[in-house]
Amino acid sequence: MNGSGANVAGCADCGGKCCRSYVVGVTARDVRVLADGAAMDPGDFVRLIDTDKEGFRLRAGGPAKKLCLQRIPETGACVLLMEIASGKARCGVYAHRPLVCSNFPTSLENGGVTIRKNMACGPDSWNLATMDLPAYRRDLIRDEEARAEHRKIMRAWNKRVDASSREATPEDLYEYLMNPPLEAEQGHKD
Ligand code: SF4
Ligand code: SF4
């Protein structure tokens, strides 16, 4: 996934373990940026997965779903991972990758940047002292803002679904995510 600073082991030689190991959940902002930037249809890279947390519904009272990147069934790799040579791979949408990818493997803890525990990179792969922490912090805050917007869009979408007798399709949802009405971006306090 490769963040904003060099790691000790080197993402270049890792082969993209993170892009093969995780189910990558994305926000509405990530879908828009990726679809616009890479000129792709959301249906080419998003899949909906049932969640027991708050999520998008396609019909009133239906199961909640979260937005995730599609994976190649045989390998588990993200569909956007480009295999270059044996053991080498890189993100095919690097400039437009989701914030969770560009921020990996960091998180914000009490306002400070930390390295997540037990990530795919292996122990001691990252050293905070050698990383561009202001850039990580900026992007982690940007991700928090994107998640707040995501929740507003989700709630506005679900309100529409609940008011309709028609079951929506994933394509209906993707279209909505690409052009959320103003009400979805502004409404609903978190
Ligand atoms: S979008 Fe790129 S960085 Fe993110 S999981 Fe897919 S290949 Fe990896
Ligand atoms: S698993 Fe870690 S070292 Fe490997 S590509 Fe991902 S972030 Fe880089």
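Residues numbered from 1 in each chain as written. Chains lettered and ligands numbered in written order. Predicted model: local features only at pLDDT ≥ 70, side-chain atom pairs only at ≥ 80, totals over all residues. Heavy atoms only, no water.

**Topic: the overall build of the protein chain**
The helix and strand tally for the protein chain stands at six helices and six strands. Taken from the N to the C terminus, the helices and strands of the protein chain come in the order α-α-β-β-β-β-α-β-β-α-α-α. Its C-alpha atoms give the protein chain a radius of gyration of 17 Å, near enough to 16 Å, the size a compact globule of 190 residues would have. A principal-axis box enclosing the C-alpha atoms of the protein chain has dimensions of 55 × 40 × 30 Å. The buried share of the protein chain, reckoned over its 190 residues, is 45%. (Helix = DSSP H or I, 4+ residues; strand = E, 2+ residues; numbered from the N terminus. Rg over C-alpha atoms; globule rule 2.2 N^0.38 Å. Buried < 20%, exposed > 50% of the residue type's maximum accessible area, 1.4 Å probe, protein only.)

**Comments concerning the layout of surface pockets**
Each pocket or cavity is described by its volume, and for the largest pocket that value is around 520 Å³. The wall of the largest pocket is formed by 23 residues, among which Gly 25, Val 26, Lys 66, Arg 147 and His 150 lie closest to the centre. When residues of the lining of the largest pocket are traced back to their parent elements, those giving at least two are strand S2 (65-69) and helix H4 (133-162). Looking at the lining of the largest pocket, the element that brings in the most residues is H4, giving four residues. Taken together, the residues that form the lining of the largest pocket break down as nine nonpolar, five polar and nine charged. (1 Å grid on protein atoms, 1.4 Å probe; cavity = no way out; pocket = protein on both sides within 12 Å on 5 of 7 lines; lining within 4 Å. Points joined across faces, edges and corners; volume = space filled by probe spheres on them. Nonpolar A, V, L, I, M, F, W, Y, C, P; charged D, E, K, R; others polar.)

**A few points about the pairing of S2**
Regular strands show a simple pattern: their side chains alternate between the two faces of the sheet. A large share of S2 lies buried, amounting to four of its five residues. Across five bridges, strand S1 (residues 46-50) lies against S2 in antiparallel orientation. Looking at the pairing, Arg 47 lines up with Cys 68 of S2. (Pairing = 2+ DSSP bridges.)

**Examining the pattern of salt bridges**
Considering all chains together, one arrives at ten salt bridges under this definition. Between Arg 155 and Glu 54 there is a salt bridge, with its nearest N and O atoms 2.8 Å apart. Placement of Arg 155 in helix H4 and of Glu 54 in the loop between S1 and S2 is noted, with a sequence separation of 101 residues between them. Among the residues examined, Glu 54 registers a relative accessible area of 42% and is labelled partly exposed. Put simply, Arg 166 and Asp 172 hold a salt bridge, and the shortest N to O gap is 3.1 Å. In the salt-bridge network here, residues are joined through shared partners; they are Arg 138, Asp 139 and Arg 142. (Salt bridge = Lys/Arg side-chain N within 4 Å of Asp/Glu carboxyl O.)

**Details of the nonpolar core**
One finds Phe 45, Phe 56, Leu 67, Leu 69, Trp 157 and Leu 177 to be the most contacted residues of the largest nonpolar core, which totals 28 residues. Of all the secondary structure elements, the ones that give two or more residues to this core are helix H2 (28-38), S2, helix H3 (99-103), H4 and helix H5 (170-178). With five residues, the single largest contributor to this core is H4. Not counting chain neighbours up to four residues away, the residues in contact with Leu 177 comprise Ala 28, Arg 32, Phe 56, Leu 67 and Ile 153. Listed in part, the 14 residues of the second largest apolar core include Cys 19, Ala 77, Trp 126 and Leu 140. (Core = buried A, V, L, I, M, F, W, Y, C linked by side-chain atoms within 4.5 Å. Contact = heavy atoms within 4.5 Å.)

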